[in-house]
Amino acid sequence: MILALLLAAILFAAPWCAYRVMIGGWPLEIRERMLLGLAYAATLAMGLLVEVGPAILLGIAVWRWRGVETLPGVAVMLGACGVYAAVKLGPPEMDTIVLTAMILVGTWQALLGISQHIRGKLKGWNFHIVNESTHGTLGNRVVLATCCALVAPLAPLWLLPVLLIALLCTACYTGLAAAVVGLLVAHPAWTLPAGLVLAPATAWVIYWRGHPRDSLRGRWQVCELALANIWVGRPWSVRLFGHGHGAFRRYAKWWTVYSATGQHYRQAHNDLVQLAFEYGLVGIAALLEWASSLARWMELGDP
């Protein structure tokens, strides 16, 4: 009934999108107001019918929608909520289709990343260039490592070597650790084999890339800056709802200009810190609510 009423409201609002109905008629903003109303309707539908946590994050993004410059947050959250709703509310066949798509995408990205790595080696590039050129089509080696780590617990056994080799090529410590944790959750019996594989793999990454102490020190510095900039001397509106989607990159530029960080961190390299910075304490609470809701259906051995 609720879904039917929301759909009726959307259909009623959709025609109200004219630039001007007549000379001296309604202002240009009527279309924007209609789109804003539809976005709030999507937020309400997400909260009532699917999941409260993502709906709150979407609501914060829509609340901050002021124009083209704030549109990416709305687009990202609408896309994420749309995919999640389709998976949760769709027919049983949806699970198989989505799972197959994820495995295919992860494998394709892994193969592309491996080929990029080999290409850099054959051309004689130095370590830094080879490392940063191993990114698939995702633009960053850490994101490629995340993709491989997400897909590894879901993939069949015969595809694991491709995903793990790609992870080694990215030389990403957290990606390697995440893949191992995911595999242990999906396959608890693999604890001993995973440990035997992880030890030499980690040693090889440390030998090739170096000890992670500098990387950890830099991330801790970014964490301190981010948390200070949402709490110290900030109004409660910032503490509760953050600086807005995509704000971290803008602030990080200033930290680099004033030599507060040794390099420009385009992301916080920590999802909770970045979420707190851009969506505030309410965003963190929404994520925790979402996680607790999902946790009720999780168990070891279940991918």
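1. So, the overall build of the protein chain
And then number 1: Counting its regular elements, the protein chain contains 14 helices and zero strands.
And then number 2: Moving toward the C terminus, one meets the helices and strands of the protein chain in the order α-α-α-α-α-α-α-α-α-α-α-α-α-α.
And then number 3: With 303 residues in all, the protein chain has 35% of them scored as buried.
And then number 4: Long-range pairs, those at least 24 residues apart, make up 63% of the contacts in the protein chain with a sequence separation of at least 6.

2. Comments concerning empty space enclosed by the protein
And then number 1: Enumeration according to the criterion identifies one cavity of 30 Å³ or more in this entry.
And then number 2: When its volume is computed, the largest cavity comes out at roughly 30 Å³.
And then number 3: Together, Met46, Pro54, Met77, Ala80, Cys81, Tyr84 and Trp290 line the largest cavity.
And then number 4: Element by element, the count of residues in the lining of the largest cavity is highest for helix H4 (residues 71-89), at four residues.
And then number 5: Grouping the constituent residues of the lining of the largest cavity by class yields seven nonpolar, no polar and no charged.

3. Considering the environment of Asn131
And then number 1: Here Asn131 shows up in helix H6 (residues 127-132).
And then number 2: Residue Asn131 is classed as buried on the basis of its relative accessible area of 3%.
And then number 3: Separated by 39 residues in sequence, Asn131 and Thr170 have C-alpha atoms that sit 6.3 Å apart.

4. Some details on helix H8 (residues 160-170)
Along an α-helix, a turn takes 3.6 residues, which lines up residues three or four apart on a common side.
And then number 1: Of all the residues in H8, the buried ones are Leu160, Val162, Leu163, Ala166, Leu167, Cys169 and Thr170.
And then number 2: One or two residues past the end of H8 sits Ala171, with phi positive at roughly 55°.

5. Some points on the packing of aromatic side chains
For any pair of aromatic rings, the description rests on two quantities: the centre-to-centre distance and the angle between the ring planes.
And then number 1: Following the criterion strictly, the structure yields seven aromatic pairs and no others.
And then number 2: Aromatic pair Tyr251 and Phe277: ring centres 5.1 Å apart, planes at 80°, arrangement edge-to-face. Of this pair, Tyr251 sits in helix H13 (residues 247-257) while Phe277 sits in helix H14 (residues 271-295); the two residues are 26 residues apart in sequence, bridging distant segments of the chain.
And then number 3: On the basis of relative accessible area, Phe277 is assigned to the buried category, the value being 0%.
And then number 4: A connected cluster of aromatic rings, assembled from ring pairs, spans Phe248, Tyr251, Trp255 and Phe277.

6. Describing H4
And then number 1: Along its 19 residues, H4 runs 26 Å from first to last C-alpha, staying within 8% of the 27 Å computed at 1.5 Å per residue.
And then number 2: By the burial criterion, the buried members of H4 are Gly73, Val74, Met77, Cys81, Tyr84 and Ala85. Viewed end-on, H4 has its buried residues packed into an arc of 110°, placing them on one side of the element.

7. Some words on the packing of H8 against helix H9 (residues 173-186)
And then number 1: Two numbers describe how H8 lies on H9: the axes approach to 9 Å, and their chain directions differ by 155°. As judged from the angle between their axes, H8 and H9 are roughly antiparallel. For the pair H8 and H9, the crossing hand works out as left-handed. Along the contact surface, H8 presents Leu160, Leu167 and Leu168, while H9 presents Gly175, Leu176, Ala179 and Leu183.

8. A few points about the confidence of the model for the protein chain
Caution applies to low-pLDDT regions: their predicted coordinates should not be interpreted in detail.
And then number 1: With 89% of its residues at a pLDDT of at least 70, the protein chain reaches an overall mean of 84.
And then number 2: When pLDDT is averaged over each element of the protein chain, helix H3 (residues 52-63) comes out on top at 94 and helix H1 (residues 2-13) at the bottom at 68.

9. Some remarks on the pattern of salt bridges
A side chain of one charge can pair with a side chain of the opposite charge when the charged atoms of the two come close.
And then number 1: One pass over the full model with this rule turns up two salt bridges.
And then number 2: Glu51 is the salt-bridge partner of Lys88, the closest N and O atoms lying 3.1 Å from each other. Of this pair, Lys88 sits in helix H4 while Glu51 sits in the loop between helix H2 (30-50) and H3, and the two are 37 residues apart along the sequence.

10. Brief notes about unusual backbone geometry
And then number 1: Even without a glycine there, the phi angle at Ala171 is positive, about 55°.
And then number 2: Along the chain, Ala171 turns up in the loop between H8 and H9.
And then number 3: Even without a glycine there, the phi angle at His269 is positive, about 60°.
And then number 4: Looking at the element boundaries, His269 is found in the loop between H13 and H14.

11. Details of the nonpolar core
And then number 1: In terms of nonpolar packing, the biggest core is built from 31 residues, with Met46, Phe248, Phe277 and Tyr279 touching the most fellow members.
And then number 2: Breaking this core down by element, the ones donating at least two residues are H2, H3, H4, helix H11 (213-231), H13 and H14.
And then number 3: Sort the elements by how many residues they give to this core and H14 lands first, with seven residues.
And then number 4: Ignoring sequence-local partners within four residues, the contact set of Met46 consists of Glu51, Pro54, Ala55, Cys81, Tyr84 and Ala85.
And then number 5: By size, the runner-up hydrophobic cluster in this structure holds 21 residues, among which are Ala145, Leu163, Leu167 and Leu183.

What counts and what doesn't
Residues numbered from 1 in each chain as written. Predicted model: local features only at pLDDT ≥ 70, side-chain atom pairs only at ≥ 80, totals over all residues. Heavy atoms only, no water. Helix = DSSP H or I, 4+ residues; strand = E, 2+ residues; numbered from the N terminus. Buried < 20%, exposed > 50% of the residue type's maximum accessible area, 1.4 Å probe, protein only. Contact = heavy atoms within 4.5 Å. 1 Å grid on protein atoms, 1.4 Å probe; cavity = no way out; pocket = protein on both sides within 12 Å on 5 of 7 lines; lining within 4 Å. Points joined across faces, edges and corners; volume = space filled by probe spheres on them. Nonpolar A, V, L, I, M, F, W, Y, C, P; charged D, E, K, R; others polar. Phe/Tyr/Trp six-rings, centres within 6.5 Å; stacked < 30°, edge-to-face > 60°. Expected span 1.5 Å × (residues − 1). Arc of directions from axis to C-beta. Axes fitted to C-alpha atoms, helices over the stretch in contact; angles between N-to-C directions. Parallel < 35°, antiparallel > 145°, perpendicular 65-115°, else oblique. Left-handed = near helix turned anticlockwise from the far one by under 90°. pLDDT = per-residue confidence, 0-100. Salt bridge = Lys/Arg side-chain N within 4 Å of Asp/Glu carboxyl O. Core = buried A, V, L, I, M, F, W, Y, C linked by side-chain atoms within 4.5 Å.

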